[in-house]
Structures are given as C-alpha cells and as structure tokens.
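# Understanding the architecture of this molecule
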Amino acid sequence: MIEYHSIQNILDLCKEQDKKIWEVVLQADMDESGASGEQVFEKMRFMYRAMQEADQSYEANLKSQSGMVGGDGEKMRQYNATGKNLCSEYSSLAMEKALKMGESNACMKRIVAAPTAGSCGVIPAVLLSYEENKNAEEDELVKALFVASGIGKVVAENASIAGAFGGCQAEIGTASAMAAGALAYLQGADNEQIMQAATFALKNMLGLACDPVGGLVEVPCVKRNVAGVVNAISSAQLALAGITSVITPDDTIDSMRRIGNDLPSCLKETSKGGLAVTESAKRIMEQFKSH
Amino acid sequence: MNIFDVIGPVMVGPSSSHTAGAVRIGYVARQLLGEEVREAKILLYGSFLATGKGHGTDKALTAGLLGMQTDDYRIPKSIEIAEDKGMKIAFGEAVLKEAHPNTAQLYLKGISGKTMELVGQSLGGGRINIAEIDGIETNFSGENPTLIVHNLDQPGHVSEVTSMLAHKGVNIATMQLYRSSKGGKAVMVVECDQEVPQEGIRWLERVEGVLKVTYLGKSEEK
C-alpha cells in the first residue's frame, strides 16, 4: 500500500521501488481505489481521448456569450501555416491548441478540467501536439498524464488549484507545472529532472492574480493558457539541460500556498481588482450588458 | 485528493469550481433529499455571488438539482428545463460568517413535502465539500457512499450503525459525530468504501431514537 503527499514522497518511492513516477502514481491510485492497474490506466486513457475529442470539436466561428473570446485559435493556425512562426513547429502547434481549448471552454463546450476548466488548455496542448508533431505512442502520452496528475495532486493537497483560493498561480501555474513534468517525461528526463521541470514552471507563475473581466473565464484566462504552455516547454528544456532549482519542489509549493493566502481577495476570482476593474474592462462589460 | 480530480472531470465549461463544482453540489443535494425537488431556494456567497452569473453557477446548481452530471450538454438550458418540470427556483444572497469563498446555501422541498437545508462549498477542480445539513456542521465530499443518521443523543446508536455496517460487509472510511447539545439531537456522517444495502438503511430507519436516515450512493461520474 503506497501513498504520497509531497514531491519528495514520490521521488523516495521511485527510488525505494526502482520505479518511474507514472508507475508510483498509478500504483497509489490502485491502492486507494481498489481498481486494477489496467482499469486505472484505461480511465486515464479515457481522459486523454476526451481531450482529443474536445480539441477536434473546436469551432472557429464560435463566440462566447460576452463576445470577448473566439476565433483566435484559428488565427494562430493560419499564422503558423505561413511558416513565419517564431517558435518551433511543436511549440507553435501547442500555442494554437491551447487557444482552441480555452475558447471552447468559454463557449460552454465539453472539455476536461486539468486541473481546472480555466486552465484546461495547457496540458492537452502540450500532449496532443507532442503526439501529432513527434509521433509518440498513445500509451506514452497516457503515462505522461499520470506524471502530470501526481504533480497536480501534491499541489492541490499542499497549496491550491482554485483561483478563488490561490489566484491564477493555482490554475495556470499548476497546469503549467503539470505539463512541464509531463513533457520532460516524454523527452526522456529522469525522475529528478521531471520534478525540476515542474518546479521551474511553478516558480515562474507564483503570485499570478486571478482577475477575470466580468467574472467570466475568458479574459485573461484563454491567452494565459498559451503562457502556461510556453512556460512549460521552456521549463522542461531547462530541466533536460541538467539545470536545477535552488528552491526545492516542495518548498516552492509551500510558498505558493503562502502567497495564495497573502493575496488580497480582490485578486482571487472576485473580479474586484486587477484587469477586471480597468477602463477597458468596464467599457466591454457595459457593451455586453446593453446587448 | 484523487488524481482524477486533478485530470478531470470531463465537464461542460466554463469553470470547474463555479460550473462543475456547482453541478455537483446540486446533484449531491438532490441525492440526499432522496426525491425530486419541487422548490429550491438557492443562496450564494463570496465569489459564487460575485461572479456566479457569468460562470453559469445558477444554471449549474439547477442542473444538479435536476439530477444532471457535470458533463451534461443540457446544463446551459437547465433553468428552462426546471420551469418546464414545474420546479420553483429562487436565487438570493447568503448571509454567512467567514465561509468558504465558493459557498451555496440550499433550501429544498421535495415532491412529498420533505425538506432539507444544505450548505455546499466548491473547493476547485470540481471537488466539493458538504459543510452543513439541516443546521448541523458536516464535512464530506460526496465522492464515497455516505450514510447520514440523525438520532437522539443517547448511548448505543453509534454501535447500532457500525454493527449494521459490519454485518453487511461495509467498511467505514471516515466517521464524524456531531450534536446540537448534550441529550439533544445528534448526527452521524459515515463515509463508506462500499454501497450500503437498502435493507440495512430500512432497518436503521426503524430503530428507536433514530429520527432520519439519509443515504448518498456512489454516483457514476466520469
């Protein structure tokens, strides 16, 4: 019977049992749920396929109720098709997919919360693009999802994954850390490096305000999914180069919780501060109401 | 925290805490009431109140009260569906002290006239906590089969419940005991690893000193 409540726990279990992170996360869930390894693995595959389905059902002409969001994923696709994209083909595709998923969510379509709906674009963008662009096996991508979920579970238990509780660092920050770990795994990183990747990603997102315009999961959420993706990719690359974080993974998560507590409530999904109270925000909300 | 709370649920957007979590609060409340809802007064607090409308929290809670799950395509239309069914819904502001930022207070009346008051909190990522039932503090997620027994505060009721569960081969995951005052009314909240058989619940309902038995079975959520 194994369980873990910190990143160090996971790494210790990996060492003791000579296992990979995804195996420890899978085993702990089997022990908790009483399900077989195959059942748990297939459940995670179901999540991966639901992400694929959501990605494929993107509609370029759809707009959210407020009209603030929609069509940007298609714009990004068109720009990438010109070949002038600054980022690599893989990163450009991931940016496009992150926009699409965020927009689908804002338009009340069906998505997979990962870890939340507001941050639902980051992980699928990184994984689906990897499958498409690097020809990875589906099983490997499901394993990467186990890596991501183990990291997310520890953050959820020791800090928060709710914007209303910890600000946007809890949502895009956590998603980005999970994606960075998953991506490092796919690129062949060892267990320590995977956790380093997650740590870099999380550190870069500490203190991020949750200040959605009109209280809607649209602005700045959708485009911030792109920031989460790019941050995850650069963090994975740092870790793969053998660079290490001075602050340990668990200390980083600990400071995330503290920062979340210290953030004033006007920056925690109440729309009473930050971008939500700007003149631009007020103007667009008045237009929205007068329709 | 389960890994499928981190990757998942599969849900209709736009917010896991304000949409999916709200659907689950409504759904668990509907299950606990044990019958169709005829009237609902829904009071919102904190961020639920401040931004709930834009996130469809009102539609989500109503969808849950209608028995819908978080991935149901009908969520955006739940209020119209409730009206068609003749379910009365009223929304308002909850007056609570130091509550969780995403809190909903529900006053429900079922088709048989049965009533229930419930306070639910959305913790993020679609996870919830039921913080109060009928004025008594509780603390459970609704993810496991949960047995709630209201009884008189007198010796023996805990052992009656646990013996019944042992007899039926049901393992207890967590157990909480609360009472309003010594010798007054008490509540037991028992989260179980297995489903509690109906005959066990019916037996409990007939035990002297037991006032009310509520049961929440395991829902088949993705």
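A quick note: this is a predicted structure, and the numbers were derived from the prediction, not measured. Position numbers for residues start from 1 in each chain and track the written sequence from start to end. Think of it this way: whatever chain is written first is A, whatever ligand is written first is 1, and the rest follow in order. Residues qualify for local features only when their pLDDT is at least 70, as the model is predicted, and side-chain atom pairs are given and counted only at 80 or more; totals for whole chains, interfaces and linings, by contrast, use all residues. Computation of side-chain values covers all heavy atoms of the structure but excludes hydrogens and water.

### A look at the packing of aromatic side chains
Applicable threshold: Ring geometry is summarised as follows: Phe, Tyr and Trp rings, the Trp one being its six-membered ring, pair when their centres sit within 6.5 Å, and such pairs are stacked at plane angles under 30 degrees, edge-to-face over 60 and tilted between the two. Secondary structure follows DSSP: runs of H or I at least 4 residues long count as helices, runs of E at least 2 residues long count as strands, and numbering of each begins at the N terminus. Relative accessibility decides the category of a residue: with a 1.4 Å probe and only protein chains considered, values under 20% of the type maximum give buried, values over 50% give exposed, and everything between is partly exposed. For a Lys NZ or an Arg CZ to count as sitting over a ring, it must be within 6 Å of the ring centre and within 35 degrees of the ring normal.
Evaluated as defined, the whole model comprises three aromatic pairs over all chains. With centroids separated by 5.9 Å and ring planes inclined at 85 degrees, the aromatic side chains of Y90 of chain A and Y130 of chain A adopt a geometry described as edge-to-face. Of the two residues, Y90 of chain A sits in helix α5 (residues 89-106) while Y130 of chain A sits in helix α6 (residues 122-134), which places them 40 residues apart along the sequence. Neither residue differs from the other here; Y90 of chain A and Y130 of chain A are each classed as buried. In textbook terms, an aromatic cluster arises when at least three aromatic residues are bridged by ring pairs, as seen for W22, F41 and F146 of chain A. Its end group placed over the ring of F4 of chain B, K43 of chain A keeps NZ or CZ at 4.4 Å from the ring centre. Over the ring of Y107 of chain B we find K41 of chain B, and its NZ or CZ is 4.9 Å from the ring centre.

### Details of the interface of chain B and chain A
Reports often express the size of an interface as the amount of accessible area lost when the parts come together. Selection rule: Throughout, a contact is declared for two residues whenever any of their heavy atoms are within 4.5 Å. By definition, the buried area sums, over both parts, the 1.4 Å-probe accessible area that each loses when the two are put together. Think of a salt bridge as a Lys or Arg side-chain nitrogen and an Asp or Glu carboxyl oxygen that are within 4 Å of each other. Pairing of N or O atoms within 3.5 Å defines a polar contact, subject to two protein rules: one partner must be a possible hydrogen donor and the other a possible acceptor, and residues neighboring in sequence count only if both atoms are side-chain atoms. All amino acids are sorted into three groups, where Ala, Val, Leu, Ile, Met, Phe, Trp, Tyr, Cys and Pro are nonpolar, Asp, Glu, Lys and Arg are charged, and the leftover types, Gly among them, are polar. Two strands qualify as a pair provided that DSSP identifies no fewer than 2 bridges between them.
Across the boundary between the two partners, chain B contributes 33 residues, which contact 44 residues of chain A. Together, the buried faces of chain B and chain A total about 3,100 Å²; carbon and sulfur atoms form 68% of this surface. In terms of surface lost to chain A, no three residues of chain B exceed I3, F4 and I7 of chain B, which account for 23% of the buried area on that side. A salt bridge links R110 of chain A to D71 of chain B; the nearest nitrogen and oxygen atoms lie 3.7 Å apart. Run the count over chain B and chain A and you get nine residue pairs in polar contact (both at pLDDT 80 or more). With five residues, helix α3 (residues 46-55) of chain B is the largest single contributor of residues to the side of chain B that touches chain A. Its residues assigned to classes, the side of chain B that touches chain A comprises 15 nonpolar, 15 polar and three charged. By the bridge criterion, three bridges tie strand β1 (residues 110-112) of chain A to strand β1 (residues 10-12) of chain B in an arrangement that is antiparallel. Looking at β1 of chain B, one finds that V112 of chain A is bridged to V10 of chain B.

### A word on the sheet that holds strand β2 (residues 37-45) of chain B
All names here are of chain B. The condition that has to hold: Geometry is summarised by axes, namely lines fitted to C-alpha atoms with helices restricted to the contacting stretch, and by angles between N-to-C directions that run from 0 to 180 degrees.
Read from one edge of the open sheet, six strands run β3-β2-β4-β5-β6-β7, paired in mixed fashion. The outermost strands of the open sheet, each flanked by one partner alone, are β3 (88-93) and β7 (136-140). Across this sheet, the average inter-strand angle for adjacent strands is 20 degrees, counted without regard to direction. The sheet contact formed by strand β4 (residues 102-110) and strand β5 (residues 115-124) spans seven bridges and is antiparallel. Bridge pairing in β5 links Q105 to V119. Running over the sheet, helix α2 (residues 16-33) touches β2, β4, β5, β6 (127-133) and β7 and is turned about 150 degrees from β5. Across the sheet, α3 is in contact with β2, β3, β4 and β5; its angle to β2 comes to roughly 105 degrees.

### A closer look at the pairing of strand β11 (residues 210-216) of chain B
All names here are of chain B. The buried count for β11 comes to five of seven residues, which makes it a mostly enclosed element. Examined bridge by bridge, strand β8 (residues 146-152) and β11 share six bridges and lie antiparallel to one another. Residue pairing in the sheet places N151 in a bridge with V210 of β11.

### Description of α2 of chain B
Selection criterion: Here a helix's expected span is defined as the number of its residues, less one, multiplied by 1.5 Å.
With 18 residues, α2 of chain B extends 24 Å from end C-alpha to end C-alpha; this agrees with the ideal 26 Å at 1.5 Å per step. For α2 of chain B, the buried fraction is high: 17 of the 18 residues fall into the buried class.

### So, a nonpolar patch on the surface
Note the cut-off: Patches draw on residues past 30% relative accessible area with no salt bridge. Two like charges within 9 Å are joined, as are two nonpolar side chains (Val, Leu, Ile, Met, Phe, Trp, Tyr) within 5 Å. Methods summary: accessible areas were calculated by the Shrake-Rupley approach with a probe of 1.4 Å, and residue burial reflects only the protein chains presented.
A surface patch of nonpolar side chains, about 240 Å² in accessible area, is lined by V158, M175 and L177 of chain B. Mapping V158 of chain B onto the fold places it in helix α6 (residues 157-167).

### Looking at the UniProt feature "domain: Serine dehydratase-like alpha subunit" (unreviewed entry) in chain A
Short version of the rule: UniProt positions are given in the numbering used here, feature names are shortened, and annotations may be inferred rather than shown by experiment.
Mapped onto this structure's residue numbering, the UniProt feature "domain: Serine dehydratase-like alpha subunit" (unreviewed entry) falls at residues 17-276 of chain A. What you have in residues 17-276 of chain A is 63% helix and 1% strand, and the ends, taken at the C-alpha atoms, are 49 Å apart.

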